[in-house]
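# Understanding the architecture of this molecule
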Amino acid sequence: MPIQRVGVVGAGTMGNGIAHVFARSAYDVVLCDVEQRFLDRGLGMIARNLDREVAKNKLTAADKDAALGRITPVLDRAKLAGCDFVVEAASEKFEIKSEIFRDLDRTLKAEVILASNTSSISITRLAALTNRPDKVIGMHFFNPVPVMKLVEVIRGLATSQSTFDAVRDLSLKLEKTPVEVNDAPGFVSNRVLMPLLNEAMYAVMEGVATPQAVDEVFKLGMAHPMGPLTLADFIGLDVCLDIMRVMHDGLGDPKYRPCPLLVKMVDAGWLGRKSGRGFYTY
Ligand SMILES: NC(=O)c1ccc[n+]([C@@H]2O[C@H](COP(=O)([O-])OP(=O)(O)OC[C@H]3O[C@@H](n4cnc5c(N)ncnc54)[C@H](O)[C@@H]3O)[C@@H](O)[C@H]2O)c1
C-alpha cells in the first residue's frame, strides 16, 4: 500500500521531530496529542527547527511553509483513521502505549503498519495486543530527529518481512539510515550506551573522578562529542533509570544494575538538564 498520510501519536520531543521529518519529505502528517497546549508546543518547535534549516540554506522559506502546511494537529485520535502508516511516540509508559495500540488496531485499516518509537518497551509485547502483530514494528528515531541519521528498525517476533521492508524504505525516503535490530531489552543503542553512562555514574559515586573529569576523558580520549554524564543529563536521568531497569529486569544480569547514585538523584528530583540539576547545574 503506498504511504502518503502518516499519523504521529505524541507531539513531544520525539513526536514533533518525527512529524517534522515526514512533512519535510512531502508526507501529509496528522499529529495527535492529548492536550492543545502540547500540540501548540510541538508545532512551535517544528516551526523553529524549520527556521534553523532555512537559515542554514538547507530549505527555502517556501519549503518551510509547505512542510508546516502538511501537518494537521488533532486531539481526537479517531482522526488518524485515514492514515496509511502510524508511528507512536507517546510517553514511555506501557499502560499508555498499550491503550493506544489496542485503540489504533480497532480504528486503522487492516493493512496499516503500526510502529512505535519506544526506547525500551518490547515490540513483541505491543504487537501481541493487536490483531495485526505481523504489522507492528519498532521505528526508533534519535534526538534531535531532524538531525540524527539513524533509525533503529526493530523486528518483533511476529513482524513480517514486508512490514520490515516497508519501514526500511520509509526510513530511506526520510533520508535516514535504517539499521536492522531484533527485539530485545534496550535494542542495540541503549543496551550498549546505557551501561556506559551507568558505569560513568559508578565512577563518580566511588570518587574515582569528578563528573567533569569523566566527561573530559571521553571527549578528549575517545572523541565523543559530549561526555557520558553530560549526555545522561541531556537524555534525562529518569529516562536513563527507566531504561536500566528495563534491561536489568529483562536480561536478568546484575551488570545492568542501576547505579545507586542515579536512583538517589532521581528520587531527589534531579533529572538533568530539564529539571535544572543533574550531574551539572543548568
Ligand atoms: N527523548 C529521547 O531522547 C528519545 C529518543 C528515542 C526514543 N524516545 C521515545 O520516544 C517516545 C516519546 O518520548 P519523548 O521524549 O518525545 O517524550 P515527551 O514526554 O517529550 O512526549 C510525549 C508526548 O506524548 C503525549 N502523550 C501521552 N499520552 C498520549 C496519548 N494517549 N495520546 C497521544 N499523546 C500522548 C504527551 O502529552 C507528550 O506530549 C518514548 O517512547 C521514548 O522512549 C525518546
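Look above for the structure.
Residues numbered from 1 in each chain as written. Predicted model: local features only at pLDDT ≥ 70, side-chain atom pairs only at ≥ 80, totals over all residues. Heavy atoms only, no water.

The tally for this structure, following the rule as stated, stands at 16 salt bridges. In this structure, arginine 77 and aspartate 103 form a salt bridge, with 2.8 Å as the shortest nitrogen-oxygen distance. With a gap of 26 residues between them, arginine 77 in the loop between strand E3 (71-74) and strand E4 (85-88) and aspartate 103 in helix H4 (residues 94-107) connect regions that are remote in the sequence. We note that arginine 77, like aspartate 103, is buried. (Salt bridge = Lys/Arg side-chain N within 4 Å of Asp/Glu carboxyl O. Helix = DSSP H or I, 4+ residues; strand = E, 2+ residues; numbered from the N terminus. Buried < 20%, exposed > 50% of the residue type's maximum accessible area, 1.4 Å probe, protein only.)

Okay, the packing of aromatic side chains next. Inspection of the entire model under this criterion finds two aromatic pairs. Ring plane angle 85° and centroid distance 5.4 Å describe the contact between phenylalanine 22 and tyrosine 27, whose orientation is recorded as edge-to-face. Judged by centre distance (6.2 Å) and plane angle (45°), the ring pair of phenylalanine 22 and phenylalanine 85 falls under tilted. Note that phenylalanine 22 is positioned in helix H1 (residues 13-24) and phenylalanine 85 in strand E4, a separation of 63 residues in sequence. Phenylalanine 85 shares its class with phenylalanine 22; the two are buried. An aromatic cluster is defined as three or more aromatic residues linked by ring pairs; in this entry it consists of Phe22, Tyr27 and Phe85. In this arrangement the basic side chain of arginine 155 is found over the ring face of phenylalanine 164, its NZ or CZ atom lying 4.3 Å from the centre. The side chain of arginine 277 reaches across the aromatic face of tryptophan 270, ending 3.7 Å from its centre. (Phe/Tyr/Trp six-rings, centres within 6.5 Å; stacked < 30°, edge-to-face > 60°. Lys NZ or Arg CZ within 6 Å of the ring centre and 35° of its normal.)

Before going further, it helps to examine the side chain of histidine 20. Along the polypeptide, histidine 20 turns up in helix H1. Of the polar contacts made by the side chain of histidine 20, one reaches the side chain of glutamate 53; its length is 3.0 Å. When residues no more than four places from it in sequence are discounted, the contact partners of histidine 20 are Ile46, Asn49, Leu50, Glu53 and Pro146. (Polar contact = N/O pair within 3.5 Å; in protein donor to acceptor, adjacent residues only side chain to side chain. Contact = heavy atoms within 4.5 Å.)

Turning our attention to the pairing of strand E2 (residues 28-32). The buried count for E2 comes to four of five residues, which makes it a mostly enclosed element. As paired strands, strand E1 (residues 5-9) and E2 are joined by five bridges and run parallel to one another. Residue valine 8 lies in a different strand from E2, and its bridge partner there is leucine 31. One crossover worth recording links E1 to the parallel E2 by way of H1, and it is right-handed. Of the strand pairs in this sheet, E2 and E3 are connected by four bridges, and their pairing is parallel. Residue pairing across strands places valine 29 opposite isoleucine 71, the latter belonging to E3. (Pairing = 2+ DSSP bridges. Right-handed = clockwise from strand over helix to strand, strands pointing away.)

A separate point is the site of the ligand. Lining the immediate environment of the ligand, one finds 23 residues, of which Met14, Asp33, Glu92, Lys97 and Ser119 sit closest. Contacts to the ligand include threonine 13, whose backbone N or O atom sits 3.0 Å from an oxygen atom. A distance of 2.5 Å separates an oxygen atom of the ligand from a polar side-chain atom of glutamate 92. Taking 830 Å² as the accessible area of the ligand by itself, protein coverage stands at 81%. For the shell around the ligand, the secondary structure elements donating two or more residues are H1 and H4. (Near = heavy atom within 4 Å. Areas by Shrake-Rupley, 256 points an atom, 1.4 Å probe, with all protein chains shown as cover.)

Shape is all these values report; function is a separate question.
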